[in-house]
Amino acid sequence: MPLRGLAKAKNFTLGPTAPMKTFTENIHIQTKESNNFRNSGKSHKLTNNIQNENLFRYESKIKSDFDEIVPTLKEIARIQHHEDFINKAQKISRKNLGIDLPLHVLDKSWVKPLDMRALYAWCAFKQHEKLSDNFFNNDPLEGAAGSRDAEDFEKFLLDCGIHLLDITPCSDGRLAHSVAYVMRIPFSSVRRRSHAGALFDIENTVNRWVKTEHKRYRENVPNEAHKDTRYLKVVTYHFSSVDPLHQGCAAHGSNDELAAAEGRNKLYAFKEAVENSFCCGASVDLMLIGLDTDTDSLKIHLSTSDGGIDLEKTISTLEIYNSTINFSKEDAEREICQTISKQSSKDKLSLLI
Ligand SMILES: [Zn+2]
(Lines give C-alpha, C1' and ligand atoms only; values in the text may rest on other atoms or scores of the structure.)
Protein backbone atom coordinates (compact mmCIF):
# COMPACT_ATOMS: atom_id res chain seq x y z
CA MET A 1 0.00 0.00 0.00
CA PRO A 2 1.17 3.55 -0.59
CA LEU A 3 2.30 5.52 2.44
CA ARG A 4 -0.57 7.88 3.25
CA GLY A 5 -1.15 10.72 5.67
CA LEU A 6 2.52 11.50 6.11
CA ALA A 7 2.09 15.25 5.88
CA LYS A 8 -0.17 15.23 8.95
CA ALA A 9 1.84 12.70 10.93
CA LYS A 10 3.74 14.04 13.95
CA ASN A 11 6.94 12.31 12.91
CA PHE A 12 6.52 13.23 9.25
CA THR A 13 10.18 14.13 8.91
CA LEU A 14 10.98 10.45 9.30
CA GLY A 15 8.80 9.49 6.34
CA PRO A 16 9.96 9.19 2.74
CA THR A 17 10.33 12.38 0.78
CA ALA A 18 11.42 13.18 -2.74
CA PRO A 19 15.20 12.82 -3.09
CA MET A 20 17.49 15.79 -2.64
CA LYS A 21 18.47 17.83 -5.66
CA THR A 22 20.79 15.93 -7.97
CA PHE A 23 23.07 18.02 -10.07
CA THR A 24 22.20 17.54 -13.71
CA GLU A 25 25.81 17.17 -14.89
CA ASN A 26 26.16 13.97 -12.84
CA ILE A 27 22.85 12.62 -14.05
CA HIS A 28 23.81 13.17 -17.68
CA ILE A 29 27.00 11.16 -17.25
CA GLN A 30 25.19 8.32 -15.51
CA THR A 31 22.34 8.39 -17.99
CA LYS A 32 24.70 8.15 -20.92
CA GLU A 33 26.25 5.03 -19.46
CA SER A 34 23.06 3.31 -18.42
CA ASN A 35 20.80 4.07 -21.36
CA ASN A 36 23.02 5.00 -24.24
CA PHE A 37 20.49 7.79 -24.57
CA ARG A 38 22.58 10.25 -26.46
CA ASN A 39 23.85 7.91 -29.12
CA SER A 40 27.20 9.64 -29.54
CA GLY A 41 25.66 13.08 -29.80
CA LYS A 42 23.56 12.29 -32.85
CA SER A 43 20.29 14.14 -33.13
CA HIS A 44 17.06 12.40 -34.12
CA LYS A 45 15.53 13.70 -37.35
CA LEU A 46 12.20 14.26 -35.61
CA THR A 47 13.77 16.34 -32.84
CA ASN A 48 12.33 19.83 -32.71
CA ASN A 49 15.56 21.73 -32.07
CA ILE A 50 14.01 25.18 -32.05
CA GLN A 51 11.47 24.19 -29.42
CA ASN A 52 14.18 22.41 -27.42
CA GLU A 53 16.32 25.54 -27.41
CA ASN A 54 13.40 27.74 -26.33
CA LEU A 55 12.47 25.41 -23.50
CA PHE A 56 16.10 25.10 -22.40
CA ARG A 57 16.57 28.87 -22.44
CA TYR A 58 13.43 29.40 -20.37
CA GLU A 59 14.44 26.75 -17.83
CA SER A 60 18.01 28.06 -17.56
CA LYS A 61 16.83 31.63 -17.03
CA ILE A 62 14.54 30.63 -14.16
CA LYS A 63 17.23 28.52 -12.51
CA SER A 64 19.87 31.22 -12.83
CA ASP A 65 17.49 33.85 -11.40
CA PHE A 66 17.31 31.80 -8.21
CA ASP A 67 20.96 30.71 -8.26
CA GLU A 68 22.01 34.39 -8.35
CA ILE A 69 20.40 35.17 -4.99
CA VAL A 70 23.13 33.80 -2.69
CA PRO A 71 26.18 35.32 -4.49
CA THR A 72 24.35 38.67 -4.68
CA LEU A 73 23.53 38.68 -0.96
CA LYS A 74 27.13 37.74 -0.15
CA GLU A 75 28.35 40.68 -2.21
CA ILE A 76 25.94 42.98 -0.38
CA ALA A 77 26.91 41.56 3.05
CA ARG A 78 30.54 42.50 2.41
CA ILE A 79 29.76 46.20 1.96
CA GLN A 80 27.22 46.73 4.72
CA HIS A 81 29.42 49.21 6.64
CA HIS A 82 30.50 51.15 3.58
CA GLU A 83 29.52 54.73 2.85
CA ASP A 84 26.22 55.04 0.90
CA PHE A 85 25.44 51.37 1.59
CA ILE A 86 21.73 51.45 0.75
CA ASN A 87 22.22 52.89 -2.74
CA LYS A 88 25.11 50.55 -3.49
CA ALA A 89 23.12 47.51 -2.28
CA GLN A 90 20.11 48.45 -4.41
CA LYS A 91 22.36 48.93 -7.42
CA ILE A 92 23.88 45.46 -7.01
CA SER A 93 20.48 43.85 -6.49
CA ARG A 94 18.97 45.54 -9.54
CA LYS A 95 21.93 44.58 -11.70
CA ASN A 96 22.11 40.92 -10.60
CA LEU A 97 18.49 40.09 -9.74
CA GLY A 98 16.40 42.82 -11.35
CA ILE A 99 14.63 43.61 -8.07
CA ASP A 100 14.73 46.23 -5.29
CA LEU A 101 15.56 45.16 -1.74
CA PRO A 102 13.30 46.21 1.18
CA LEU A 103 14.40 49.54 2.66
CA HIS A 104 13.23 48.72 6.18
CA VAL A 105 15.77 45.87 6.32
CA LEU A 106 18.67 47.79 4.71
CA ASP A 107 17.98 50.81 6.93
CA LYS A 108 19.02 48.97 10.08
CA SER A 109 22.47 47.97 8.83
CA TRP A 110 24.21 50.70 10.85
CA VAL A 111 22.67 49.44 14.14
CA LYS A 112 22.97 45.68 13.77
CA PRO A 113 24.17 43.10 11.24
CA LEU A 114 22.03 42.84 8.11
CA ASP A 115 19.14 40.39 8.47
CA MET A 116 20.28 38.08 5.68
CA ARG A 117 17.44 35.60 6.27
CA ALA A 118 14.86 38.32 5.69
CA LEU A 119 16.69 39.47 2.55
CA TYR A 120 16.92 35.92 1.22
CA ALA A 121 13.19 35.34 1.78
CA TRP A 122 12.40 38.66 0.10
CA CYS A 123 14.53 37.80 -2.94
CA ALA A 124 13.06 34.29 -3.27
CA PHE A 125 9.48 35.62 -3.17
CA LYS A 126 10.29 38.46 -5.58
CA GLN A 127 11.84 36.04 -8.07
CA HIS A 128 8.71 33.88 -7.86
CA GLU A 129 6.59 36.96 -8.47
CA LYS A 130 8.72 37.94 -11.46
CA LEU A 131 8.54 34.52 -13.11
CA SER A 132 4.82 34.30 -12.45
CA ASP A 133 4.17 37.76 -13.99
CA ASN A 134 6.29 36.84 -16.98
CA PHE A 135 4.43 33.54 -17.40
CA PHE A 136 0.97 35.12 -17.45
CA ASN A 137 1.88 38.31 -19.33
CA ASN A 138 4.22 36.97 -22.00
CA ASP A 139 3.29 33.27 -22.38
CA PRO A 140 6.94 32.12 -22.71
CA LEU A 141 5.90 28.50 -23.29
CA GLU A 142 3.45 29.54 -26.05
CA GLY A 143 0.71 27.34 -24.65
CA ALA A 144 -1.84 29.81 -23.24
CA ALA A 145 -5.54 29.53 -24.06
CA GLY A 146 -6.19 30.82 -27.56
CA SER A 147 -2.58 30.35 -28.72
CA ARG A 148 -2.07 28.61 -32.03
CA ASP A 149 -0.50 25.56 -30.41
CA ALA A 150 -3.36 25.23 -27.94
CA GLU A 151 -6.00 25.49 -30.66
CA ASP A 152 -4.21 22.97 -32.87
CA PHE A 153 -3.85 20.53 -30.00
CA GLU A 154 -7.48 20.85 -28.92
CA LYS A 155 -8.58 20.14 -32.49
CA PHE A 156 -6.26 17.12 -32.56
CA LEU A 157 -7.78 15.87 -29.31
CA LEU A 158 -11.32 16.12 -30.67
CA ASP A 159 -10.21 14.32 -33.84
CA CYS A 160 -8.92 11.54 -31.58
CA GLY A 161 -12.37 11.31 -29.95
CA ILE A 162 -11.40 13.06 -26.71
CA HIS A 163 -13.17 16.15 -25.43
CA LEU A 164 -11.13 16.61 -22.27
CA LEU A 165 -7.65 15.54 -21.26
CA ASP A 166 -7.22 15.28 -17.49
CA ILE A 167 -3.72 14.38 -16.28
CA THR A 168 -2.64 13.54 -12.74
CA PRO A 169 1.13 13.34 -12.32
CA CYS A 170 2.83 12.67 -9.01
CA SER A 171 3.41 15.88 -7.06
CA ASP A 172 7.16 15.17 -6.94
CA GLY A 173 8.94 18.27 -8.31
CA ARG A 174 10.68 16.15 -10.93
CA LEU A 175 7.32 15.82 -12.71
CA ALA A 176 6.53 19.54 -12.65
CA HIS A 177 7.54 19.79 -16.30
CA SER A 178 5.76 16.66 -17.46
CA VAL A 179 3.05 18.40 -19.51
CA ALA A 180 4.90 21.28 -21.20
CA TYR A 181 8.35 19.69 -21.52
CA VAL A 182 8.03 15.91 -21.65
CA MET A 183 4.69 15.48 -23.43
CA ARG A 184 4.95 18.83 -25.26
CA ILE A 185 1.29 19.58 -24.67
CA PRO A 186 0.14 23.25 -24.44
CA PHE A 187 -0.56 23.69 -20.73
CA SER A 188 -3.95 25.36 -21.27
CA SER A 189 -5.28 22.34 -23.19
CA VAL A 190 -4.97 20.02 -20.21
CA ARG A 191 -6.63 19.78 -16.86
CA ARG A 192 -3.75 19.00 -14.55
CA ARG A 193 -3.68 18.44 -10.84
CA SER A 194 -0.83 16.62 -9.16
CA HIS A 195 -1.12 14.34 -6.13
CA ALA A 196 1.47 12.47 -4.07
CA GLY A 197 2.05 9.12 -5.76
CA ALA A 198 -0.36 10.26 -8.54
CA LEU A 199 -3.17 9.04 -6.28
CA PHE A 200 -5.95 11.44 -7.21
CA ASP A 201 -9.19 11.92 -5.31
CA ILE A 202 -12.00 9.94 -6.95
CA GLU A 203 -14.85 12.13 -5.69
CA ASN A 204 -13.23 15.37 -6.89
CA THR A 205 -12.48 13.85 -10.28
CA VAL A 206 -16.05 12.57 -10.70
CA ASN A 207 -17.17 16.08 -9.82
CA ARG A 208 -14.92 17.51 -12.53
CA TRP A 209 -16.25 14.97 -15.00
CA VAL A 210 -19.82 16.04 -14.16
CA LYS A 211 -18.94 19.71 -14.71
CA THR A 212 -17.31 18.89 -18.04
CA GLU A 213 -20.33 16.93 -19.28
CA HIS A 214 -22.71 19.58 -17.97
CA LYS A 215 -20.86 22.25 -19.94
CA ARG A 216 -21.23 20.18 -23.07
CA TYR A 217 -25.01 19.95 -22.55
CA ARG A 218 -25.47 23.60 -21.65
CA GLU A 219 -22.89 25.39 -23.77
CA ASN A 220 -21.67 22.90 -26.39
CA VAL A 221 -18.13 23.46 -25.03
CA PRO A 222 -15.76 21.96 -26.08
CA ASN A 223 -18.24 20.03 -28.28
CA GLU A 224 -21.90 19.03 -28.41
CA ALA A 225 -23.03 16.48 -25.85
CA HIS A 226 -24.33 14.05 -28.49
CA LYS A 227 -20.90 13.75 -30.16
CA ASP A 228 -19.35 10.39 -29.44
CA THR A 229 -16.21 11.59 -27.63
CA ARG A 230 -14.75 10.69 -24.24
CA TYR A 231 -13.14 12.22 -21.17
CA LEU A 232 -9.58 10.84 -21.00
CA LYS A 233 -8.08 10.43 -17.54
CA VAL A 234 -4.30 9.93 -17.45
CA VAL A 235 -2.16 8.93 -14.48
CA THR A 236 1.59 9.62 -14.72
CA TYR A 237 3.63 7.73 -12.15
CA HIS A 238 7.43 7.87 -12.21
CA PHE A 239 10.56 5.78 -11.85
CA SER A 240 14.32 6.17 -12.08
CA SER A 241 16.44 4.21 -14.56
CA VAL A 242 19.70 5.39 -12.95
CA ASP A 243 18.92 4.53 -9.32
CA PRO A 244 15.63 2.58 -9.33
CA LEU A 245 15.71 1.57 -5.66
CA HIS A 246 16.24 5.05 -4.23
CA GLN A 247 15.21 7.72 -6.75
CA GLY A 248 11.77 6.41 -7.71
CA CYS A 249 8.47 7.62 -6.28
CA ALA A 250 8.85 8.29 -2.54
CA ALA A 251 5.12 7.78 -1.94
CA HIS A 252 5.50 4.18 -3.14
CA GLY A 253 8.88 3.47 -1.54
CA SER A 254 10.64 3.58 -4.96
CA ASN A 255 8.70 0.48 -6.00
CA ASP A 256 7.83 0.96 -9.69
CA GLU A 257 5.42 -1.97 -9.90
CA LEU A 258 3.52 -0.69 -6.89
CA ALA A 259 3.39 2.85 -8.32
CA ALA A 260 1.95 1.52 -11.60
CA ALA A 261 -0.52 -0.84 -9.88
CA GLU A 262 -1.81 1.86 -7.50
CA GLY A 263 -2.18 4.28 -10.42
CA ARG A 264 -4.19 1.67 -12.32
CA ASN A 265 -6.39 0.98 -9.28
CA LYS A 266 -7.26 4.66 -9.03
CA LEU A 267 -8.12 4.83 -12.74
CA TYR A 268 -10.36 1.74 -12.48
CA ALA A 269 -12.07 3.15 -9.38
CA PHE A 270 -12.77 6.43 -11.21
CA LYS A 271 -14.25 4.63 -14.21
CA GLU A 272 -16.37 2.43 -11.97
CA ALA A 273 -17.63 5.44 -10.02
CA VAL A 274 -18.74 7.18 -13.25
CA GLU A 275 -20.37 4.05 -14.68
CA ASN A 276 -22.19 3.18 -11.45
CA SER A 277 -23.38 6.71 -10.75
CA PHE A 278 -24.59 7.67 -14.25
CA CYS A 279 -26.60 5.54 -16.62
CA CYS A 280 -26.93 5.65 -20.43
CA GLY A 281 -23.49 4.21 -21.12
CA ALA A 282 -21.61 6.98 -19.34
CA SER A 283 -17.95 6.12 -19.19
CA VAL A 284 -14.43 7.46 -19.50
CA ASP A 285 -11.18 6.48 -21.22
CA LEU A 286 -8.11 5.69 -19.14
CA MET A 287 -4.37 5.82 -19.73
CA LEU A 288 -1.44 4.88 -17.52
CA ILE A 289 1.98 6.40 -18.24
CA GLY A 290 5.33 5.89 -16.50
CA LEU A 291 7.90 8.70 -16.63
CA ASP A 292 11.62 8.05 -16.20
CA THR A 293 12.80 11.11 -14.27
CA ASP A 294 16.39 10.57 -15.44
CA THR A 295 15.79 10.58 -19.19
CA ASP A 296 12.27 12.09 -19.49
CA SER A 297 11.31 9.03 -21.55
CA LEU A 298 7.81 7.60 -21.25
CA LYS A 299 6.40 4.10 -20.86
CA ILE A 300 2.86 4.03 -22.20
CA HIS A 301 0.90 1.07 -20.88
CA LEU A 302 -1.01 -0.94 -23.48
CA SER A 303 -4.53 -2.30 -23.26
CA THR A 304 -5.31 -5.87 -22.32
CA SER A 305 -7.62 -7.90 -24.57
CA ASP A 306 -10.58 -7.13 -22.28
CA GLY A 307 -9.99 -3.37 -22.44
CA GLY A 308 -8.10 -3.04 -19.17
CA ILE A 309 -4.63 -1.59 -18.62
CA ASP A 310 -1.68 -3.97 -18.94
CA LEU A 311 0.93 -3.44 -16.24
CA GLU A 312 3.60 -5.42 -18.09
CA LYS A 313 3.26 -4.47 -21.75
CA THR A 314 4.34 -0.95 -22.58
CA ILE A 315 5.56 1.16 -25.49
CA SER A 316 8.80 2.88 -24.55
CA THR A 317 9.63 6.21 -26.17
CA LEU A 318 13.32 5.67 -25.32
CA GLU A 319 13.37 2.38 -27.25
CA ILE A 320 11.63 4.01 -30.20
CA TYR A 321 14.07 6.90 -30.07
CA ASN A 322 17.10 4.62 -30.04
CA SER A 323 15.80 2.25 -32.73
CA THR A 324 14.99 5.09 -35.17
CA ILE A 325 17.94 7.38 -34.50
CA ASN A 326 19.51 6.68 -37.92
CA PHE A 327 16.25 6.92 -39.87
CA SER A 328 15.14 9.73 -42.14
CA LYS A 329 12.15 11.77 -40.96
CA GLU A 330 9.68 9.87 -43.15
CA ASP A 331 11.10 6.43 -42.28
CA ALA A 332 11.08 7.27 -38.57
CA GLU A 333 7.44 8.35 -38.72
CA ARG A 334 6.51 5.17 -40.59
CA GLU A 335 8.41 3.00 -38.12
CA ILE A 336 6.73 4.67 -35.15
CA CYS A 337 3.29 4.09 -36.70
CA GLN A 338 4.17 0.46 -37.33
CA THR A 339 5.47 -0.03 -33.79
CA ILE A 340 2.26 1.35 -32.36
CA SER A 341 0.05 -0.58 -34.76
CA LYS A 342 1.79 -3.83 -33.84
CA GLN A 343 0.88 -3.20 -30.22
CA SER A 344 -2.56 -1.75 -30.64
CA SER A 345 -5.89 -3.02 -31.85
CA LYS A 346 -6.96 -1.68 -35.24
CA ASP A 347 -9.67 0.61 -33.95
CA LYS A 348 -7.31 2.19 -31.39
CA LEU A 349 -4.70 2.85 -34.06
CA SER A 350 -7.22 4.64 -36.22
CA LEU A 351 -7.26 7.40 -33.62
CA LEU A 352 -3.60 8.06 -34.21
CA ILE A 353 -3.53 8.32 -37.98
ZN1 LIG B 1 6.26 10.37 -6.72
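Below you will find a few notes about this structure. (Residues numbered from 1 in each chain as written. Predicted model: local features only at pLDDT ≥ 70, side-chain atom pairs only at ≥ 80, totals over all residues. Heavy atoms only, no water.)

**Section: the pairing of strand β6 (residues 309–316)**
In this structure, strand β5 (residues 298–303) lies alongside β6, joined through four bridges in antiparallel fashion. By the bridge assignment for β6, I300 is matched with I315. From the end of β5 to the start of β6, which pair antiparallel, there are five residues, and G307 there has a positive phi angle of about 90 degrees. (Pairing = 2+ DSSP bridges. Helix = DSSP H or I, 4+ residues; strand = E, 2+ residues; numbered from the N terminus.)

**Some thoughts on a negative patch on the surface**
The grouping of E142, D149, E151, D152 and E154 at the surface amounts to a negative patch. Tracing the chain through its elements places E154 in helix α7 (residues 148–159). (Patch = residues over 30% accessible without salt bridge, like charges linked within 9 Å, V, L, I, M, F, W, Y side chains within 5 Å. Areas by Shrake-Rupley, 256 points an atom, 1.4 Å probe, with all protein chains shown as cover. Salt bridge = Lys/Arg side-chain N within 4 Å of Asp/Glu carboxyl O. Lys, Arg positive; Asp, Glu negative; His and termini not counted. Charge placed at Lys NZ, Arg CZ, Asp CG, Glu CD.)

**Describing the packing of aromatic side chains**
Inspection of the entire model under this criterion finds seven aromatic pairs. Here F200 and F270 contribute two aromatic rings whose centre-to-centre distance is 6.1 Å and whose plane-to-plane angle is 90 degrees, an arrangement assigned as edge-to-face. Of this pair, F200 sits in the loop between β2 (191–192) and α9 (202–219) while F270 sits in helix α10 (residues 256–277); the two residues are 70 residues apart in sequence, bridging distant segments of the chain. Under the relative-accessibility criterion, F200 is labelled buried at 1%. Residue classification places F270 among the buried residues on the basis of a relative accessible area of 0%. Ring centres of Y237 and F239 lie 6.5 Å apart, and the angle between their planes is 40 degrees; on these two criteria the pair is classed as tilted. Residue classification places Y237 among the buried positions, given a relative accessible area of 3%. Among the aromatic residues, ring-to-ring pairing joins F135, F136 and F187 into one connected group. A cation sits over an aromatic face here: K233 above F200, 4.3 Å from the ring centre. Above the plane of the ring of F239 lies K299, whose end atom (NZ or CZ) is 4.6 Å from the centre. (Phe/Tyr/Trp six-rings, centres within 6.5 Å; stacked < 30°, edge-to-face > 60°. Buried < 20%, exposed > 50% of the residue type's maximum accessible area, 1.4 Å probe, protein only. Lys NZ or Arg CZ within 6 Å of the ring centre and 35° of its normal.)

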